[in-house]
Amino acid sequence: MQEEVENRTVNLVITSTKLTARTLAAALKKIKVHYDLSLAKKRNQKPTGKQTVQELIGQNQGTQTINIDATDIKGFERYAQKYGVDYAIKKDITENPPKYLVFFKARDADVLTQALKEYTASALGVRRSKGSLLKELAKYKALVAELPKKARDKLQELGR
């Protein structure tokens with residue numbers, strides 16, 4: 001939000017002993033030139049991450065598509081953003097229930113397959129086995145029980 005406010009703020013500083021219409025007109029011309037340059041820079045930037053299909057195709061890098069179910073689109077988007085994939089999601093309403101098509105750049109194919117692999121693993125609940133905590137605790141109890149015990153007298157502890 002703060003960045004948006006900063007982008008829309010214009011600071012105008014004029015150092016002049018006498019403010020005339022000519023000085024004010026020159027300052028406004030400089031502001032217009034600066035504004036035009038910033039617009040040109042913004043137009044030349046390529047969008048990244050989630051985009052529209054037209055923006056993705058407009059980058060002329062070739063696109064590919066895959067189908068995903070409508071169960072967890074946000075979950076997929078999280079993994080796509082994690083891997084920095086440029087993608088666009090389009091709803092295919094010709095089928096019942098509707099499917100979602102994910103368009104992505106052809107050069108992002110390997111990265112997208114890794115993102116999809118992680119997404120499907122999390123969606124299916126596949127997690128690496130951590131083992132049983134109780135079994136591990138029993139193993140450490142057995143190790144502690146095998147340690148030799150020291151006989152202590154109260155006299156030794158008190159230092160007498």
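To be clear, the structure that these remarks concern was listed above.
The residue count restarts for each chain, going from 1 along the sequence in the order it is written. Local features in this predicted model are restricted to residues of pLDDT 70 or higher, and side-chain atom pairs are both shown and tallied only at a pLDDT of 80 or more, whereas totals for entire chains, interfaces and linings draw on every residue. With hydrogens and water stripped out, all remaining heavy atoms of the structure feed into the side-chain values.

A. Up close: helix α5 (residues 109–124). Compared with the 22 Å implied by 1.5 Å per residue over 16 residues, the 22 Å span of α5 between its first and last C-alpha is a close match. Within the span of α5, buried status applies to L112, A115, L116 and Y119. Mapping the buried residues of α5 onto a view down its axis gives an arc of 100 degrees, with all of them on the same face. Those residues of α5 that are exposed and angled more than 90 degrees off the buried face are D110, K117 and L124. Numbered from the N terminus, helices here are DSSP runs of H or I no shorter than four residues, and strands are runs of E no shorter than two. Looking one or two residues past α5, G125 carries a phi angle of roughly 80 degrees, positive in sign. The length a helix should cover is 1.5 Å for every residue beyond the first. For the exposure calls, accessible area comes from a 1.4 Å probe over protein chains only, and a residue counts as buried if that area is under 20% of its type's maximum, exposed if over 50%, partly exposed in between. For this quantity, the arc is that covered by the directions from the helix axis to the C-beta atoms.

B. Representation of helix α2 (residues 21–44) within the structure. If you check α2, its first and last C-alpha atoms are 35 Å apart, about what 24 residues at 1.5 Å a residue would give, namely 34 Å. Counting buried positions along α2 gives one out of 24 residues, so the element sits mostly on the surface.

C. The nonpolar core, seen in detail. Counting 15 residues, the largest nonpolar core has I68, F76, V85, Y87, I89, V102 and L112 as its most contacted members. The set of elements that each furnish at least two residues to this core consists of α4 (73–82), β2 (87–92), β3 (99–105) and α5. Two residues qualify as a contact provided that any one of their heavy atoms is within 4.5 Å of a heavy atom in the partner residue. With sequence-adjacent residues up to four places away left out, V85 is seen in contact with G49, A80, F104, D108, V111 and L112. The definition of a nonpolar core used throughout is a set of buried Ala, Val, Leu, Ile, Met, Phe, Trp, Tyr and Cys residues joined through side-chain atoms within 4.5 Å.

D. Local environment of the environment of V85. The topology assignment puts V85 in the loop between α4 and β2. With 35 residues separating them in the primary sequence, V85 and K50 have C-alpha atoms 8.2 Å apart.

E. Looking closely at the environment of T23. Within the secondary structure, T23 sits in helix α2. Its relative accessible area of 25% is what places T23 among the partly exposed residues. Beyond its immediate chain neighbours, meaning those up to four positions away, T23 contacts I14, S16 and K18.

F. Representation of the pairing of β3. Of all seven residues that make up β3, five are buried, and the element is covered over most of its length. Across six bridges, strand β1 (residues 63–68) lies against β3 in antiparallel orientation. Note that in β3 the partner of T63 across the bridge is K105. Direction of pairing for β2 relative to β3: antiparallel, over a ladder of six bridges. Counted as the bridge partner of K90 is L101 from β3. Strand pairing is assigned whenever DSSP identifies at least 2 bridges connecting the two strands.

G. Focus on the packing of α4 against α5. Here an axis means a line fitted to C-alpha atoms, over the contact stretch when the element is a helix, while the angle between two N-to-C directions is reported on a 0 to 180 degree scale. It is the contact of α4 with α5, at a shortest axis distance of 9 Å, that shows an interaxial angle of 140 degrees. Judged on the interaxial angle alone, α5 and α4 are oblique. In the packing of α4 onto α5, the handedness of the crossing is right-handed. Facing G75, F76, Y79 and K82 of α4, the residues of α5 in contact are L112, A115, L116, E118, Y119 and S122. Every angle not falling under 35 degrees, over 145, or within 65 to 115 is termed oblique; those three ranges are roughly parallel, roughly antiparallel and roughly perpendicular. Handedness of each helix crossing follows the sense of rotation of the near helix against the far helix: counterclockwise by less than a right angle gives left-handed, clockwise gives right-handed.

H. Focus on the pattern of salt bridges. Salt bridge, as applied in this entry: a Lys or Arg side-chain nitrogen positioned within 4 Å of an Asp or Glu carboxyl oxygen. Evaluated as defined, the whole model comprises four salt bridges. D36 is the partner of K32 in a salt bridge, and the nearest nitrogen-oxygen pair spans 3.2 Å. Placement of the pair is K32 and D36 together in helix α2, with a separation of four residues, close to one helical turn. For the salt bridge of K82 with E118, the shortest nitrogen-to-oxygen distance reads 2.9 Å. Here the residue K82 occupies a position in helix α4, and E118 occupies one in helix α5, the gap between them amounting to 36 residues. Classification of E118 as partly exposed rests on a relative accessible area of 23%.

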